[in-house]
Amino acid sequence: MKDISVIIPLYNERESLTELASWIQRVMCAHGWTYEIILVDDGSTDGSWDTVKALSRENPSILGISFRRNYGKSAALYCGFKKASGNVVFTMDADLQDSPDEIPEMYRMITEQGYDLVSGWKQHRKDNKFTKNIPSKIYNATARAITGIHIHDMNCGLKAYRNEVVKSIEVYGEMHRYIPYLAKNAGYTRITEKPVHHQKRKFGKSKFGIERFFNGFLDLLSLWFLSTFGKKPMHFFGYSGILMFFIGFVMTIWIISSKLIHQNAGLPYRGVTEQPLFYLALLAVVLGVMLFLAGFIGEMIARSGSDRNKYNIKDEI
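What you see is a predicted model; the values in this text were computed from it and never measured. (Residues numbered from 1 in each chain as written. Predicted model: local features only at pLDDT ≥ 70, side-chain atom pairs only at ≥ 80, totals over all residues. Heavy atoms only, no water.)

The next point concerns the overall build of the protein. Counting secondary structure elements, the protein contains ten helices and seven strands. Looking at the protein as a whole, 43% of its 317 residues are labelled buried. Considering only contacts within the protein whose residues lie at least 6 apart along the sequence, 80% involve residues at least 24 apart. Total accessible area computed for the protein in this model is approximately 17,500 Å², and 59% of it derives from carbon and sulfur atoms. (Helix = DSSP H or I, 4+ residues; strand = E, 2+ residues; numbered from the N terminus. Buried < 20%, exposed > 50% of the residue type's maximum accessible area, 1.4 Å probe, protein only. Contact = heavy atoms within 4.5 Å. Areas by Shrake-Rupley, 256 points an atom, 1.4 Å probe, with all protein chains shown as cover.)

This part takes up the pairing of strand β3 (residues 62–66). Inspection of the sheet shows strand β2 (residues 35–41) paired to β3 by five bridges, in the parallel sense. Along β3, the bridge assignment pairs Val40 with Ile65. Crossover handedness for the path β2 to helix α2 (residues 48–58) to β3: right-handed. (Pairing = 2+ DSSP bridges. Right-handed = clockwise from strand over helix to strand, strands pointing away.)

Once that is clear, we can look at the sheet that holds strand β4 (residues 86–91). Strand order in the open sheet formed by seven strands is β3-β2-β1-β4-β6-β5-β7, and the pairing between neighbours is mixed. Unpaired on one side and paired on the other, β3 and β7 (191–195) mark the two borders of the sheet. Across the sheet, the axes of successive neighbouring strands diverge by a mean angle of 20 degrees, strand direction being ignored. Across five bridges, strand β1 (residues 2–10) lies against β4 in parallel orientation. Counterpart to Lys2 in the pairing with β4 is Gly86. Packing of helix α1 (residues 14–31) onto the sheet brings it into contact with β1, β2 and β3, and relative to β1 it is tilted by some 165 degrees. In the packing of α2 onto the sheet, contacts are made with β1, β2 and β3, and the angle to β3 comes to roughly 155 degrees. (Axes fitted to C-alpha atoms, helices over the stretch in contact; angles between N-to-C directions.)

Our focus in this paragraph is the packing of α1 against α2. Packing of α1 against α2 brings their axes to within 8 Å, and their N-to-C directions diverge by 20 degrees. The angle between α1 and α2 falls in the class roughly parallel. Of the two possible hands of crossing, α1 and α2 adopt the one that is right-handed. Side by side, α1 and α2 meet where Arg14, Leu17, Thr18 and Ala21 of the first sit next to Ser48, Thr51, Val52 and Leu55 of the second. (Parallel < 35°, antiparallel > 145°, perpendicular 65-115°, else oblique. Left-handed = near helix turned anticlockwise from the far one by under 90°.)

Turning next to the environment of Asp95. The residue Asp95 is located in the loop between β4 and α4 (103–111) in this model. For the pair Asp95 and Glu15, spaced 80 residues apart in sequence, the C-alpha to C-alpha distance is 8.8 Å. There is a polar contact of 3.1 Å between the side chain of Asp95 and the backbone nitrogen of Gln97. (Polar contact = N/O pair within 3.5 Å; in protein donor to acceptor, adjacent residues only side chain to side chain.)

Let us look at α2. Of the positions making up α2, those classed as buried are Ser48, Thr51, Val52 and Leu55. With its buried residues spanning 100 degrees around the axis, α2 presents them on a single face. Its buried side turned inward, α2 meets β1, α1, β2 and β3. (Arc of directions from axis to C-beta.)

Another aspect to go through is the pattern of salt bridges. With the rule as written, the count across this model stands at seven salt bridges. We note a salt bridge from Glu112 to Arg108, for which the minimum N-O separation is 3.9 Å. Here the salt bridges do not stand alone but share partners, grouping Glu105, Arg108 and Glu112 into one network. (Salt bridge = Lys/Arg side-chain N within 4 Å of Asp/Glu carboxyl O.)

Structural data, given as structure tokens:
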């Protein structure tokens, strides 16, 4: 097993690859580490893959994976994680905004301080304040509140992991933003952050727009729901269904009782079906039954899933 694996997803970053690879190599050689650099080309159209092949011929420690089309950063990280053989695994972006000089200290935090995951924290961002910085602060505050992980930059591309962490999590869709939360749900709770130097983009332009914050919020809600109720959907849908059914039942009893009391007392009364409250009660009962059935179906799906007994074992004797 090598000391370090560095996984770099890239999409149309041809100009920065040679400089980035040389920078990482200098850091590794200065500390005498065995290493591999895994460059994952996510369907680039600017000749990035030709550059990766040339770099690999010059340095056997540089490995390459090329996708036929653009699948996204999560897919690139997933394939990189599968291939990584280093004792400590690093991820970083290919745009030269993440500094390889941060690797030694993050490596020490994993190997000597015993952390499972160290996330970079870009305290002083070199991005546009209104399109990146302020939305990022709001997004990270929301992520901290929902996940319970108190790091300031959940989506920072520069991270360090123990090898078993990346082998125990599955990154899919656009869940690369929430790898610390995926690690926490897998039982790796020793998560911390380190302030890192953030540099201005040297070549090209960002591949992500403002829409990523809205998509990220929806992904966060999905991940929270799946991690909380994914293996016990009846706990959510069943309780919600019973509550709705009970509300509708109480409303129905109230309407009928009110009519009978007024009728027996000779007071004016309205017919049951003439009252708007009756239709609200009917709606609540129907929703309650539907939610309960949704929970029942979800429970059947969860019990037949291939990962229903998938657990991460810490140690054996």
